[in-house]
Every structure is written in structure tokens, then in C-alpha cells.
Amino acid sequence: MTTTSPPATAAPAPSRAPTAHRARRKPSARRRSTPLTIAMLAVLAYFLLPLFWLLIASTKSTQDLFNSFGLWFSHTPQLLTNVRATFTQDDGVFVHWLLNTVMYAVVSAVGAALLAASGGYGFAKFRFRGDRAAFSLVLGAVMVPATALAIPTYLLFAKAGLVNTPWAVILPSLVNPFGLYLMRVYAQDAVPDSVLEAARIDGAGEARIFFRIVLRLLAPGLVTVVLFTLVATWNNYFLPLIMLNDPKLYPITVGLSSWAAQAQNGGAGASSDLLALVVTGSLISIVPLVVAFLLLQRYWQSGLATGSVKQ
């Protein structure tokens, strides 16, 4: 009796091996939004066109300011002549205005940053009775415009005999509620509690901890407050206008405004050469701000707290 073997089953078809030259997926191209691009170009033009006009206008005489196209140079550019005339007008009073502005802005910015850092660090790392209410007052003070406090500040400083002195501009600029709020938020995470506890265990006092450790950890936030206060004090006009009477104490903003008033009320009107000096002085006044921003911006995102706690 012969036995028949079962029919052989067909072997499964081998899967198709991947080829070495399989096409790779190309990364998807970034989507470009035409309306968004147009909006960004409009915003860029909004901020850069006034600066471009100021640069062009500083190369013109007063007659060319009114007789030539505003966004292009005249036939006879005279930037160096205007700069020289600006610094020599009225026996070089523009130099006094520039030095006064530097002093007011630097002292106010450094002082406001230190006060904001100390106050923000205190609110962030210490608990005391009424701390929430006090911080709520700080937040409320952010909403109060500085111009609303100018007249009460003048009356207070008049009683103290500080009107027409540099302190009348510096002292009000030291109070920066927004800077204190910013430093409080920044110190909450930038200053580790473990670092403070380690310093206290080593016997360091609170003042030494603040000046030797906390200020270094708060350096990026400090630079931010310094820049904000520097720009605000540099561009401040209303407070120095009501506080100062001596032209030698004027900052640039009030000084250039006085030149513009002289040009319009001196009988020559628009043909006065002071108008060209006002424009040139305005260009010179923004150069220190640009330099300060370029020098300090690299500290904004520096991680000074990295490696402060040993693992």
C-alpha cells in the first residue's frame, strides 16, 4: 500500500526588500504667509523710517529741510558742518546738556536697578506681615502715569528746596514700580533657595548674600531694568521741564525744545539755522542709547546661575 505525501504548500512570497535607492522624504518647506510678511514690513517701516528721515535731515541746512525731498539727501550735504555748529552753538551749551543727560540717566538707572533688585528679592524670598498688600500697591503704582505725579512731586520738592537741582530729576527716577515687579518675578526662579541656605549655613549675613550672590544671579534682570530706566530717563521731558530753570542743568530733551522755541519765536521762523541744529542734536542724542543697547543686550539671556549649586 503506497502512501501519498501531502501536497506541498506554497511558500509565502518573500517580502519586497527595501531598495538602497529608496527615495527619501523631503522636508516640508516652511509656510510663508503673505499677509504676515506685509504686516511685518509695515511695522519695520514704521520704526525705521523716522530714524532714516532723521539721518537724512541731519545732513541738510534749514532751507533744504523745506525745499528738498525728505527721504533723500540734498545736493550739498553738510553733516559735519551741522555737528560742529551744534556743539559750538551758545558757547557749547549742547555739551552741558549731553553731560547732564548722561549723569541723570546713568545715576537713575543704576540706582533704580539696585532698589528694584533689593525690593524684588525681598518680596520673592522673604515672608512678612502685609507682604501681599504691599506688593499689590506696587502693582497698582505701575498703572499710575508719571505725568500725573509731576505736579505733586514738584510741590514736595519745592518744600524741600530741591527744585532746580539735579536731585529733582534723579530722585523721582529712582522709583520704578515696573522694575520692582520684574525683579520680583525674575528672582523667584533665578535665585535658588538651596544657594541661600548654603550661604547662611556658611555664616554669611543677609547683606553679604545679597551683594555677593544675589546680585550676580540677578544680573540679566538688572540689565533689563537698567536699560528701561536709562531710556525712560534719557527721553524724559516733562519732569525736567517743570523742575529745572537753569539752562545749564537742562537735559537734551528740554535743551533742544528751547532751541526749537527760539527758532520759531525769534523772528526768523522756519529759516532760522537753529532748526537744523535741533535735528542734528536729536540724531546725536540717540547714539548713546544705541551704543548702550548694543553693549548690554548680550547679558539679557546669560545664565549666570548655571553651576552655582554643586551636584
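As the structure is a computational prediction, the values presented were derived from the model and not from experiment. (Residues numbered from 1 in each chain as written. Predicted model: local features only at pLDDT ≥ 70, side-chain atom pairs only at ≥ 80, totals over all residues. Heavy atoms only, no water.)

### Section: the packing of aromatic side chains
Here comes step 1: Under the criterion given, the structure shown has twelve aromatic pairs.
Here comes step 2: Each ring, one from Phe210 and one from Phe211, has its centre 5.1 Å from the other, and the planes form 80°; the classification is edge-to-face.
Here comes step 3: Among the aromatic side chains, those forming a connected cluster through ring pairs are Phe87, Phe94, Trp97 and Trp259.
Here comes step 4: Over the aromatic face of Phe135 sits the side chain of Arg184, whose NZ or CZ is 4.8 Å from the ring centroid. (Phe/Tyr/Trp six-rings, centres within 6.5 Å; stacked < 30°, edge-to-face > 60°. Lys NZ or Arg CZ within 6 Å of the ring centre and 35° of its normal.)

### Structural notes on the nonpolar core
Here comes step 1: The biggest cluster of nonpolar side chains holds 55 residues, and the ones touching the most others in it are Val191, Val214, Leu218 and Trp259.
Here comes step 2: Looking at this core, the element that brings in the most residues is helix H4 (residues 93-125), giving twelve residues.
Here comes step 3: Excluding its chain neighbours within four sequence positions, the residues that come into contact with Leu218 are Ala117, Met183, Tyr186, Ala187, Ala190 and Val191. (Core = buried A, V, L, I, M, F, W, Y, C linked by side-chain atoms within 4.5 Å. Buried < 20%, exposed > 50% of the residue type's maximum accessible area, 1.4 Å probe, protein only. Helix = DSSP H or I, 4+ residues; strand = E, 2+ residues; numbered from the N terminus. Contact = heavy atoms within 4.5 Å.)

### Some words on helix H1 (residues 34-57)
Here comes step 1: The terminal C-alpha atoms of H1, which comprises 24 residues, lie 33 Å apart, in line with the 34 Å expected from a rise of 1.5 Å per residue.
Here comes step 2: Taking the largest bend as the criterion, H1 deviates by roughly 35°, centred on Leu48, and proline Pro50 comes between one and four positions later.
Here comes step 3: Along H1, the residues classified as buried are Leu54, Ile56 and Ala57.
Here comes step 4: On its buried side, H1 packs onto helix H2 (62-67) and helix H14 (274-296). (Expected span 1.5 Å × (residues − 1). Bend = angle between axes of the 7 residues up to and from the residue.)

### Concerning the confidence of the model for the protein chain
Here comes step 1: Mean pLDDT over the protein chain works out to 84, with 84% of the residues at or above the 70 mark.
Here comes step 2: Here H2 is the element of the protein chain with the lowest mean pLDDT, 85, and H4 is the one with the highest, 95.
Here comes step 3: The model gives residues 1-11 a pLDDT under 50, and that stretch makes zero contacts with residues more than four places away or in other chains.
Here comes step 4: Note that pLDDT drops below 50 for residues 303-311; the model gives that stretch nine contacts with residues more than four away or on any other chain. (pLDDT = per-residue confidence, 0-100.)

### Regarding a nonpolar patch on the surface
Here comes step 1: Side chains of Leu41, Val43, Leu44, Tyr46, Phe47, Leu48 and Leu51 sit close together on the surface and give an oily, nonpolar patch of about 740 Å² of accessible area.
Here comes step 2: Tracing the sequence through the fold places Tyr46 in helix H1.
Here comes step 3: Among the residues examined, Tyr46 registers a relative accessible area of 62% and is labelled exposed. (Patch = residues over 30% accessible without salt bridge, like charges linked within 9 Å, V, L, I, M, F, W, Y side chains within 5 Å. Areas by Shrake-Rupley, 256 points an atom, 1.4 Å probe, with all protein chains shown as cover. Salt bridge = Lys/Arg side-chain N within 4 Å of Asp/Glu carboxyl O.)

### Some remarks on the side chain of Ser58
Here comes step 1: When you line up the elements, Ser58 lands in the loop between H1 and H2.
Here comes step 2: Residues in contact with Ser58, not counting those within four places in the same chain, are Gln78, Leu79, Asn82, Val279, Thr280 and Leu283.

### Some details on the packing of H4 against helix H13 (residues 252-265)
Here comes step 1: Viewed as axis vectors pointing N to C, H4 and H13 meet at an angle of 150°, and their least axial separation amounts to 8 Å. Here H13 runs roughly antiparallel to H4, going by the angle between their axes. Side by side, H4 and H13 meet where Val93, Phe94, Trp97, Leu98 and Thr101 of the first sit next to Ile252, Gly255, Leu256, Ser258 and Trp259 of the second.
Here comes step 2: The residue inventory of the contact of H4 with H13, partitioned by class, reads seven nonpolar, three polar and no charged. (Axes fitted to C-alpha atoms, helices over the stretch in contact; angles between N-to-C directions. Parallel < 35°, antiparallel > 145°, perpendicular 65-115°, else oblique. Nonpolar A, V, L, I, M, F, W, Y, C, P; charged D, E, K, R; others polar.)

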